[in-house]
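Understanding the architecture of this molecule
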Amino acid sequence: MTTTEQPRRRAPGMSPDQRRAMIIGAALPLVAEYGTAVTTSQIARAAGIGEATIFRVFSVKEELLDACMAEALRPDHAVEQIASIPMDQPLADRLAEAADALGGHLERIGAVAGALMASGHHRRDPAPAPPRRRGPSTDLIRATADLFEPEAASLRAPAEQIAALFLDLRFSKARQDEGLSTADLVQIFLYGALREEPA
């Protein structure tokens, strides 16, 4: 009895945007670890592609490094994490989870930016970037504002304004962290600096 082999199907091809995203995703942890010393062959191995594929997407390695920094700055992952926080838990717990999600985002930025700067990489922007709002992005503010929805009637100000204040406080904690826990940060934000009301 003879069996005929079925022809092997090739995996569906990626669009240029998908290939670019896949390469950046594979490169990010390597860039955070090695900075500019990372090689395109290391990135290709991590991505499971040939090294030449990288240069079909990025003209030079520096362009890929710039793309990694831009990707690290994107808040999309933190926004998704905040949007998935269960709303049936107390507000303090919701905000603690949001603060932790933002903390992970800031750590990723710090790891990638720190590794690149320490190894001498400077972004090669051909023109000055347009002025950007400092602090948390609009998407982060909206996702965090949604966490206040069950308490909407009790808020002292609009939810987006309160969310922006909370995120600014979390950004400040990252800049000058001296042992303040996430739980403490949330308690101070919700209830103030004093342990008890003054007599």
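Residues numbered from 1 in each chain as written. Predicted model: local features only at pLDDT ≥ 70, side-chain atom pairs only at ≥ 80, totals over all residues. Heavy atoms only, no water.

Before going further, it helps to examine the pattern of salt bridges. The full count for this structure, using the stated rule, is three salt bridges. With a closest N to O distance of 2.3 Å, Arg74 and Asp76 form a salt bridge. Overall, Arg74 belongs to the partly exposed group, its relative accessible area being 39%. Of the charged contacts, one joins Arg94 and Glu151 as a salt bridge, the two residues approaching to 2.8 Å between their closest N and O atoms. A residue pair is termed long-range when its members are at least 10 positions apart, and Arg94 in helix 6 (residues 91–118) and Glu151 in the loop between helix 7 (138–146) and helix 8 (159–175) qualify at 57 residues. Residues joined by salt bridges that share partners form a network here, namely Glu71, Arg74 and Asp76. (Salt bridge = Lys/Arg side-chain N within 4 Å of Asp/Glu carboxyl O. Buried < 20%, exposed > 50% of the residue type's maximum accessible area, 1.4 Å probe, protein only. Helix = DSSP H or I, 4+ residues; strand = E, 2+ residues; numbered from the N terminus.)

Right, let's get into the environment of Ile109. Tracing the sequence through the fold places Ile109 in helix 6. Ignoring sequence-local partners within four residues, the contact set of Ile109 consists of Met69, Ala72, Leu73 and Gly114. (Contact = heavy atoms within 4.5 Å.)

Moving on, we come to the packing of aromatic side chains. Two measures describe an aromatic ring pair: the distance that separates the ring centres and the angle between the ring planes. By the definition in use, this model includes one aromatic pair. For the ring pair Phe166 and Phe189, a centre distance of 5.1 Å and an interplane angle of 65° mean the geometry is edge-to-face. Taken together, the residues Phe166 in helix 8 and Phe189 in helix 9 (residues 182–191) connect sequence positions 23 residues apart. The class of Phe166 is buried, set by a relative accessible area of 0%. Under the relative-accessibility criterion, Phe189 is labelled partly exposed at 22%. (Phe/Tyr/Trp six-rings, centres within 6.5 Å; stacked < 30°, edge-to-face > 60°.)

Here we take up the packing of helix 1 (residues 16–34) against helix 4 (residues 61–73). Where helix 1 contacts helix 4, the axes come no closer than 9 Å and their chain directions differ by 85°. Classed by the angle they form, the pair helix 1 and helix 4 counts as roughly perpendicular. Judged by residue contacts, Arg20, Ile23, Ile24, Ala27, Leu28 and Val31 of helix 1 engage Glu63, Leu64, Leu65, Ala67, Cys68, Glu71 and Ala72 from helix 4. Among the residues forming the contact of helix 1 with helix 4, the class breakdown is ten nonpolar, no polar and three charged. (Axes fitted to C-alpha atoms, helices over the stretch in contact; angles between N-to-C directions. Parallel < 35°, antiparallel > 145°, perpendicular 65-115°, else oblique. Nonpolar A, V, L, I, M, F, W, Y, C, P; charged D, E, K, R; others polar.)

This part takes up helix 2 (residues 40–47). All buried positions along helix 2 are accounted for by Thr40, Ile43, Ala44 and Ala47. End-on view of helix 2: buried residues confined to an arc of 100°, all on one side of the axis. Where helix 2 is buried, its residues touch helix 1, helix 3 (51–57) and helix 4. (Arc of directions from axis to C-beta.)

What follows covers the nonpolar core. Val31, Ile43, Leu64 and Ile82 are the most contacted members of the largest nonpolar core, which totals 47 residues. Those elements that provide at least two residues to this core are helix 1, helix 2, helix 4, helix 5 (76–83), helix 6, helix 7 and helix 8. The element best represented in this core is helix 6, accounting for 13 residues. Aside from chain neighbours lying at most four places away, what touches Leu64 is Ile23, Ile24, Ala27, Ile43, Ile54 and Phe58. (Core = buried A, V, L, I, M, F, W, Y, C linked by side-chain atoms within 4.5 Å.)

Turning to the packing of helix 1 against helix 2, a few remarks are in order. Relative to each other, helix 1 and helix 2 sit at 130°, their axes nearing to 9 Å. When the interaxial angle is binned, helix 1 and helix 2 end up oblique. The two elements helix 1 and helix 2 meet at a crossing, and its hand is right-handed. Together, Met22, Ile23, Ala26, Ala27, Leu30 and Tyr34 of helix 1 and Gln42, Ile43, Ala46 and Ala47 of helix 2 make up the contact between the two elements. (Left-handed = near helix turned anticlockwise from the far one by under 90°.)

This part takes up the side chain of His105. Here His105 is to be found in helix 6. Exposure remark for His105: the relative accessible area of 9% places this residue in the buried category. Excluding its chain neighbours within four sequence positions, the residues that come into contact with His105 are Ala72, Leu73, Arg74, Pro75 and Ala78.

In this model, the chain carries a mean pLDDT of 85, and residues with pLDDT of at least 70 account for 82%. Every residue in residues 126–133 scores below 50 in pLDDT, and together they form one contact with partners more than four places removed in sequence or on other chains. (pLDDT = per-residue confidence, 0-100.)

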